[in-house]
Amino acid sequence: MRLTPDIPLNISKPQQRTLHALAQGGAIVIERNGRGDPVEAACVTRDGWTLADCDLAVFKSLKRKRLIASRDGGPYRITRDGLVNLRAQLDNRTSVRGW
């Protein structure tokens, strides 16, 4: 089943924060055990910071909804469906206001 903008998804706040970090160039790095099962997930922003909201449960949920994907064994990044289903959020680094 392909997700479309017509079908809204229930995305929790930690999932939204993770998707926003991925949309801005971040990636989810997975640590696996000897059998290849994921044991830890860390979302790293493009600036090198680790997102505290991103854990294994958030990773599994985003992967199940096909909002993130990995290519050629690399880190997980946001998919086109993930971008389409992402709610708009102002980027706090590009504020219009001048204080």
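Residues numbered from 1 in each chain as written. Predicted model: local features only at pLDDT ≥ 70, side-chain atom pairs only at ≥ 80, totals over all residues. Heavy atoms only, no water.

Describing the overall build of the chain
Working step 1: Check the secondary structure of the chain and you find three helices and five strands.
Working step 2: The helix and strand sequence of the chain, counted from the amino end, reads α-β-β-β-α-β-β-α.
Working step 3: Looking at the chain as a whole, 33% of its 99 residues qualify as buried.
Working step 4: Long-range pairs, those at least 24 residues apart, make up 51% of the contacts in the chain with a sequence separation of at least 6.
Working step 5: Of the accessible surface of the chain, which amounts to about 7,100 Å², a share of 51% is contributed by carbon and sulfur atoms. (Helix = DSSP H or I, 4+ residues; strand = E, 2+ residues; numbered from the N terminus. Buried < 20%, exposed > 50% of the residue type's maximum accessible area, 1.4 Å probe, protein only. Contact = heavy atoms within 4.5 Å. Areas by Shrake-Rupley, 256 points an atom, 1.4 Å probe, with all protein chains shown as cover.)

Details of the layout of surface pockets
Working step 1: In this model, the second largest pocket occupies a volume close to 170 Å³.
Working step 2: If you trace the second largest pocket, you find it lined by Ala69, Ser70, Arg71, Pro75, Arg77, Ile78 and Thr79.
Working step 3: Of all the secondary structure elements, the ones that give two or more residues to the lining of the second largest pocket are strand S4 (68-70) and strand S5 (76-78).
Working step 4: Of the residues in the lining of the second largest pocket, the class split is three nonpolar, two polar and two charged. (1 Å grid on protein atoms, 1.4 Å probe; cavity = no way out; pocket = protein on both sides within 12 Å on 5 of 7 lines; lining within 4 Å. Points joined across faces, edges and corners; volume = space filled by probe spheres on them. Nonpolar A, V, L, I, M, F, W, Y, C, P; charged D, E, K, R; others polar.)

Brief notes about the environment of Ile78
Working step 1: Structurally, Ile78 can be placed in strand S5.
Working step 2: Among the residues examined, Ile78 registers a relative accessible area of 17% and is labelled buried.
Working step 3: Measuring from C-alpha to C-alpha, the distance between Ile78 and Gln24 comes to 9.5 Å, with 54 residues separating the pair along the chain.
Working step 4: Apart from the residues within four sequence positions on either side, Ile78 is in contact with Leu19, Leu22, Ala23, Leu67, Ile68 and Leu83.

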